[in-house]
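Overview (structure and organization)
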Amino acid sequence: MLEIERNFKFLLVEIERQIAGTIAVLEHRDEKAIAKIEARDDYIDNLKSVIENACFATLHGETRPNAPEVARIRAFHIIGSNLERVGDHAVNVVRQTRHYDDPECLKRYAYKPFFQEIRNALAWMPKAVLERDMATALKICRCELHLDRLYKQEFDRIRDELRTGFNTGDLLTTLFIFRYLERMGDALLNVGE
């Protein structure tokens, strides 16, 4: 179990770096920074696989885990998969920036509150997961509701602006970015649950 917990911590650090890099790209689009985020995605995928393999090895090892241990191993497997999904969505966000005609378009919208929610959830994970703190896990779950609310606000605004017929490409790109941020909330909810 120690190997699984150690790799969970490594994965969490990498996801936090991925989110920080994504924010940096949204502030100042940089092709090298995008490439770095894309490259880090392979490491994140590998860490998820390491956790998955360790979970299966523990389940099918010489000593049979009891029911609570099996539940904990299953939880780490689910958490690893969902953290990897957050990383995938971060890659999708930065790739969207390549489609802007006006790279400053996103800055007219409230994307920073999305990242605050995501960062909060990630910061709460060690306590929720490693200490099995239910109150903290519920806080992570609530982030999904907050992200949904933020998405609805931005969706409505962009939908109304699309009706004008101006800057439709940049508006659609912005909407896709917000959709990926909202989907991070779905993955975070799975972690909290």
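Residues numbered from 1 in each chain as written. Predicted model: local features only at pLDDT ≥ 70, side-chain atom pairs only at ≥ 80, totals over all residues. Heavy atoms only, no water.

A few words now on the side chain of Glu-117. Here Glu-117 is to be found in helix H4 (residues 112-130). Among buried charged residues, Glu-117 stands out as having no salt bridge; its nearest opposite-charge side chain is Arg-149, 7.0 Å away. With sequence-adjacent residues up to four places away left out, Glu-117 is seen in contact with Cys-143, His-146, Leu-147 and Leu-150. (Helix = DSSP H or I, 4+ residues; strand = E, 2+ residues; numbered from the N terminus. Buried < 20%, exposed > 50% of the residue type's maximum accessible area, 1.4 Å probe, protein only. Lys, Arg positive; Asp, Glu negative; His and termini not counted. Salt bridge = Lys/Arg side-chain N within 4 Å of Asp/Glu carboxyl O. Contact = heavy atoms within 4.5 Å.)

The next point concerns the packing of helix H5 (residues 134-162) against helix H6 (residues 168-192). Where H5 meets H6, the axes come as close as 8 Å, and the angle between the chain directions of the two elements is 165°. As summarised for this structure, H5 and H6 are arranged roughly antiparallel, according to the angle between their axes. Considering the relative orientation of H5 and H6, their crossing is left-handed. Here the contact of H5 with H6 is built from residues that sort into 15 nonpolar, four polar and seven charged. (Axes fitted to C-alpha atoms, helices over the stretch in contact; angles between N-to-C directions. Parallel < 35°, antiparallel > 145°, perpendicular 65-115°, else oblique. Left-handed = near helix turned anticlockwise from the far one by under 90°. Nonpolar A, V, L, I, M, F, W, Y, C, P; charged D, E, K, R; others polar.)

Glancing now at the pattern of salt bridges. The final tally for this structure, using the stated rule, is 17 salt bridges. Close ionic contact of Glu-31 with Arg-29 constitutes a salt bridge, the shortest N to O distance being 3.0 Å. On the basis of relative accessibility, which here comes to 37%, the residue Arg-29 falls in the partly exposed class. With a shortest N-O distance of 3.7 Å, Arg-108 and Asp-102 are connected by a salt bridge. Using a relative accessible area of 40% as the deciding quantity, one classes Arg-108 as partly exposed. Counted as one network, the salt bridges with shared partners bring together Arg-29, Glu-31, Glu-38, Arg-95 and Arg-98.

This part is about the environment of Ala-33. Here Ala-33 is to be found in helix H2 (residues 31-59). Classification of Ala-33 by relative accessible area gives partly exposed; the value is 22%. With 11 residues separating them along the chain, Ala-33 and Thr-22 place their C-alpha atoms 8.5 Å apart.

Across all of its chains, the model carries five aromatic pairs by this definition. On the numbers, 5.8 Å between centres and 70° between planes, the contact of Phe-8 with Phe-76 is edge-to-face. Of the two residues, Phe-8 sits in helix H1 (residues 2-27) while Phe-76 sits in helix H3 (residues 67-96), which places them 68 residues apart along the sequence. Since its relative accessible area comes to 1%, Phe-8 is described here as buried. Phe-76 gets classed as buried once you look at its relative accessible area, which sits at 2%. Considering the side-chain rings of Tyr-111 and Phe-115, the 6.4 Å spacing of their centres and the 90° angle between planes classify their relative orientation as edge-to-face. Site record: aromatic cluster; members linked through ring pairs are Tyr-109, Phe-114 and Phe-178. When the ring centre of Tyr-151 is taken as reference, the NZ or CZ atom of Arg-179 above it lies at 5.9 Å. (Phe/Tyr/Trp six-rings, centres within 6.5 Å; stacked < 30°, edge-to-face > 60°. Lys NZ or Arg CZ within 6 Å of the ring centre and 35° of its normal.)

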